[in-house]
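The residues making up each chain are set out below.
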Amino acid sequence: MADKPAKVLVRRHSGVTRVTHWLNVLAVSLLLMSGLQIFNAHPALYWGHKSTFAEPWVSMKKEEVGGEARGITTVGGLRFDTTGVLGWSGKEGAREQRGFPSWATVPSYRSLADGRRWHFFFAWLFAINLAVYWLWGLAGGHVGRDLLPTRAQLKPRHFLHEIAAHARLRFPKGEEARTYNVIQKITYLLVVAVLLPLMVATGLSMSPGFNAALPGLIDVFGGRQSARTIHFLAAGGIVIFIIVHLLLVVLSGAWNNLRSMITGRYAITVEGDRP
Amino acid sequence: MSLDRRRWLAAAGASLGSLWLAGCDKLVANSTFNGVLKVAEKWSQGAQRLVTDRNALAREFAAADISKDFKPNGTMRPQDPAYQTLLAENFAGYRLTVDGLVEQPLALTLAEVRAAPSRTQITRHDCVEGWSSIGKWKGARLSALLDRAKLKPEARYIVFHCADTLDPSATDGAGMYYESIDLIDAYHPQTILAYQMNDAVLPVRHGAPLRLRVERQLGYKHAKYVMRVEAVASLDGIGRGQGGFWPDRGYEWYAGI
């Protein structure tokens, strides 16, 4: 029946995309959690070369408020009571002063030494994985073919249409679903070309040994404490991406998406006899 | 979604989360796994040494950049009686010992250390905890002291033995602070034994009478209250064998990152 809509499996993700994706899932989740462990050793952020201890722009600590211990988070001039999550957390009666709570860190208990060991091991995995992805993505054409938006996709009319469709949770179907849509392309490019490399660059900028090797890099960020702040903010950007990404994966067909990232095959519905 | 399904999903999510955490905590305690993670330290050290000129300098700052709130860390005032005695007489009886694998062991008074070839530098101090402070340091160049003592060819590391007990609970004799660096850092032009901080005599909380500055590494390498500089072929048998008070407690010996 040539004219009846049919479900066909198309090749969606190459082997390299799939392997680097799952290695990245492992590395990024452990980097985030060990990173929060490291952050907890000094739960405050500054701008510039040095710490201005009396005036952090972000801080998380325990404070006595009306004779009661509370977790207080400050951002700029704002104060938030974050008891139980930031600054002062743990089971009732066994609360402790810590930036992020134990469920968010590796290891769950306080250990800067262990956090660093995990962080640097998985940082190597992350950086090598990212380099492999980029080398293959540029040489093999994945970036140019699949990630760069086409001229037609960048037309304001199309772009606005896509945003409106996304907002109504209407995702491309049929032939349109063979390729990434323009919002996907821009988001993925933002992650792989900006956020992930930024994590490596700001991370390296915090290393006094690397500062001596390449003094110019830290100046790009405005000093070591700025680099630490940007490292933290970019990590926050990655967390936001992961949350939205997972939501959209579920809403646009959890099993189909998951299968395509495991086996590479993605099901689309096509009209006619074109497979 | 029904309430039941939602509750089930939440419970499944929570138990997956705690399984993941418990799994990580188990792995932290697993020595084989830790051994695997530890290779990253060697990679970081190797990569940094590969891309860094051995004499490449740490950034130096202007006087206007000096921190007014330079944070002291570790021991602030050693309670060890030997140090207390030295402090009481303003270090008149202090001698810096330079020994181990050297041809000519030294025992220098503070006046002799101050008379040795020196260097002054305004640098950023990066704590492993994540904060930074900027300070001005003047001190004796370690390379000149080592040259005077004449290192033997088999010397590989320079160990700094300190006057302070940082972990009084250690029963194996490894409670005193110490640190070590290799010869690349020992002969680096910015590696000094500082006796001045911000144009004043080095304060007790920052390591009087002498503290090491090894500017391309993190703060815990910058041993305070240095009493003895020992040249060795191996770090085995010193403290718990990892080359420093904090390395003995799980931190990297190479702290360039």
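Procedures and definitions
- Residues numbered from 1 in each chain as written.
- Chains lettered and ligands numbered in written order.
- Predicted model: local features only at pLDDT ≥ 70, side-chain atom pairs only at ≥ 80, totals over all residues.
- Helix = DSSP H or I, 4+ residues; strand = E, 2+ residues; numbered from the N terminus.
- Contact = placed C-beta atoms within 7 Å.
- Buried ≥ 20, exposed ≤ 12 C-beta atoms within 10 Å, placed from the backbone.
- Nonpolar A, V, L, I, M, F, W, Y, C, P; charged D, E, K, R; others polar.
- Pairing = 2+ DSSP bridges.
- Axes fitted to C-alpha atoms, helices over the stretch in contact; angles between N-to-C directions.
- Expected span 1.5 Å × (residues − 1).
- Bend = angle between axes of the 7 residues up to and from the residue.
- Domains from an automatic or database assignment.
- Core = buried A, V, L, I, M, F, W, Y, C linked by C-beta atoms within 7 Å.
- Left-handed = near helix turned anticlockwise from the far one by under 90°.
- pLDDT = per-residue confidence, 0-100.

All right, on to the overall build of chain A then. For chain A, the count of helices and strands is 10 helices and 8 strands. Expressed along its principal axes, the backbone C-alpha trace of chain A runs to roughly 75 × 45 × 35 Å. A separation threshold of at least 6 residues defines the contact pool for chain A, and within that pool the share at least 24 residues apart is 63%.

Let's shift gears to the overall build of chain B. Secondary structure assignment for chain B yields 6 helices and 10 strands. Viewed in the frame of its principal axes, chain B has a C-alpha envelope of about 80 × 45 × 40 Å. Counting the 257 residues in chain B, one finds 40% classified as buried. Summarising the internal contacts of chain B: among those between residues at least 6 apart in sequence, 69% fall at separations of at least 24.

Counting residues at the interface gives 41 residues for chain B, matched by 32 residues for chain A. Only α1 (3-28), α2 (31-51), β3 (118-126) and β4 (132-141) of chain B provide two or more residues apiece to the side of chain B that touches chain A. Considering each element in turn, the side of chain B that touches chain A owes the most residues, 9 residues, to α2(B). Taken together, the residues that form the side of chain B that touches chain A break down as 16 nonpolar, 12 polar and 13 charged.

Once that is clear, we can look at the sheet that holds strand β6 (residues 176-182) of chain B. Residue and element names in this part refer to chain B. Strand order in the open sheet made by the 5 strands is β2-β1-β10-β5-β6, with mixed pairing throughout. Only two strands of the sheet have a single neighbouring strand rather than two, namely β2 (106-108) and β6. Averaged over all pairs of adjacent strands, the angle between strand axes in this sheet comes to 15 degrees, irrespective of strand direction. Pairing geometry for strand β1 (residues 96-100) and β2, over 3 bridges, is antiparallel. Paired with T97 across the two strands is A107, which belongs to β2.

All right, on to the sheet that holds strand β4 (residues 68-75) of chain A then. Residue and element names in this part refer to chain A. The 4 strands lie next to each other as β2-β3-β4-β5, forming an open sheet whose pairing is antiparallel. Two strands lie at the open edges of the sheet, namely β2 (44-45) and β5 (78-81), each paired on one side alone. As judged from the 8 bridges shared by strand β3 (residues 58-65) and β4, these two strands associate in the antiparallel manner. For K61, the partnering residue across the bridge sits in β4 and is I72.

This brings us to helix α6 (residues 182-205) of chain A. Residue and element names in this part refer to chain A. For α6, built from 24 residues, the straight-helix expectation of 34 Å at 1.5 Å per residue is met to within 8% by its first-to-last C-alpha distance of 33 Å. The sharpest bend along α6 comes to roughly 35 degrees, located at V191. All of the buried residues along α6 are V182, L196, M199, T202, G203, L204 and S205. On the buried face of α6, the contacting elements are α2 (112-139), α4 (151-154), α5 (156-167), α7 (208-213), α8 (215-221) and α9 (224-251).

This paragraph deals with the domain arrangement of chain B. Looking at the assigned domains, one finds that chain B contains domain 1 (1-51) and domain 2 (58-249). A straight line from the C-alpha centre of domain 1 of chain B to that of domain 2 of chain B covers 37 Å.

With that settled, consider α5(A). Along an α-helix, residues three or four apart share an orientation, since each turn contains 3.6 residues. Residues and elements named next belong to chain A. Compared with an ideal rise of 1.5 Å per residue, which puts 12 residues at 16 Å, α5 spans 16 Å between its outermost C-alpha atoms and is within 8% of the ideal. Little of α5 sits out of view: just 0 of its 12 residues are buried. Following α5 by one or two positions, L169 has its phi on the positive side, about 60 degrees.

We now examine the domain arrangement of chain A. Residues and elements named next belong to chain A. Partitioning chain A into structural domains gives domain 1 (6-40 + 105-270) and domain 2 (44-104). Contact with domain 1, which involves 16 residues of that partner, is made by 13 residues of domain 2. Where the side of domain 1 that touches domain 2 is concerned, the elements lending two or more residues are α1 (15-39) and α9. In terms of residue count, the dominant contributor to the side of domain 1 that touches domain 2 is α9 (6 residues). Considering only residue class, the side of domain 1 that touches domain 2 consists of 5 nonpolar, 8 polar and 3 charged.

Residue and element names in this part refer to chain B. Ranked by internal contacts, the top residues of the largest apolar core, which has 50 residues, are F160, C162, Y178, L193, A194 and V226. If you list the elements that add at least two residues to this core, you get α3 (81-88), β1, β4, α5 (142-149), β5 (157-165), β6, β7 (192-197) and β10 (226-232). No other element matches β5, which puts 6 residues into this core. Residues in contact with L193, not counting those within four places in the same chain, are V113, G139, A140, L142, L210, L212 and V226.

For the rest of this paragraph, the subject is the packing of α6(A) against α9(A). All names here are of chain A. At their nearest, the axes of α6 and α9 sit 9 Å apart, and the two run at 145 degrees to each other. At the point where α6 passes α9, the crossing takes the left-handed sense. Packed against α6, whose contacting residues are V191, L195, L198, M199, T202, G203 and S205, the element α9 presents R224, A227, I230, H231, A234, A235, G237, I238 and F241 at the interface. When the residues that make up the contact of α6 with α9 are grouped by side-chain class, the tally is 10 nonpolar, 5 polar and 1 charged.

The next point concerns the pairing of strand β1 (residues 6-11) of chain A. Residues and elements named next belong to chain A. The element β1 is barely covered by neighbouring structure, given that only 0 of its 6 residues are classed as buried. Note that β1 and strand β8 (residues 265-270) share 6 bridges and pair antiparallel. Along β8, the bridge assignment pairs K7 with T269.

Chain-level statistics for chain B give a pLDDT mean of 95 and a share of 99% at 70 or above. Overall fold confidence for the complex sits at a pTM of 0.94, while the interface term, ipTM, reaches 0.93.

Bringing unusual backbone geometry into the picture now. The amide bond that connects V106(A) to the next residue, P107(A), takes the cis arrangement and shows omega of -10 degrees. With respect to the helices, strands and loops of the structure, P107(A) is situated in the loop between β7 (96-98) and α2. For the bond from A208(B) to P209(B), the omega torsion is 5 degrees, close enough to zero to count as cis. The residue P209(B) is located in the loop between β8 (200-201) and β9 (211-213) in this model. Notably, N90(B) is not glycine yet its phi reads approximately 55 degrees, a positive angle. Mapped onto the fold, N90(B) is located in the loop between α3 and β1. The exposure class of N90(B) is exposed, given the 12 C-beta atoms found within 10 Å. For K150(B), which is not glycine, the phi torsion reads 60 degrees and is therefore positive.

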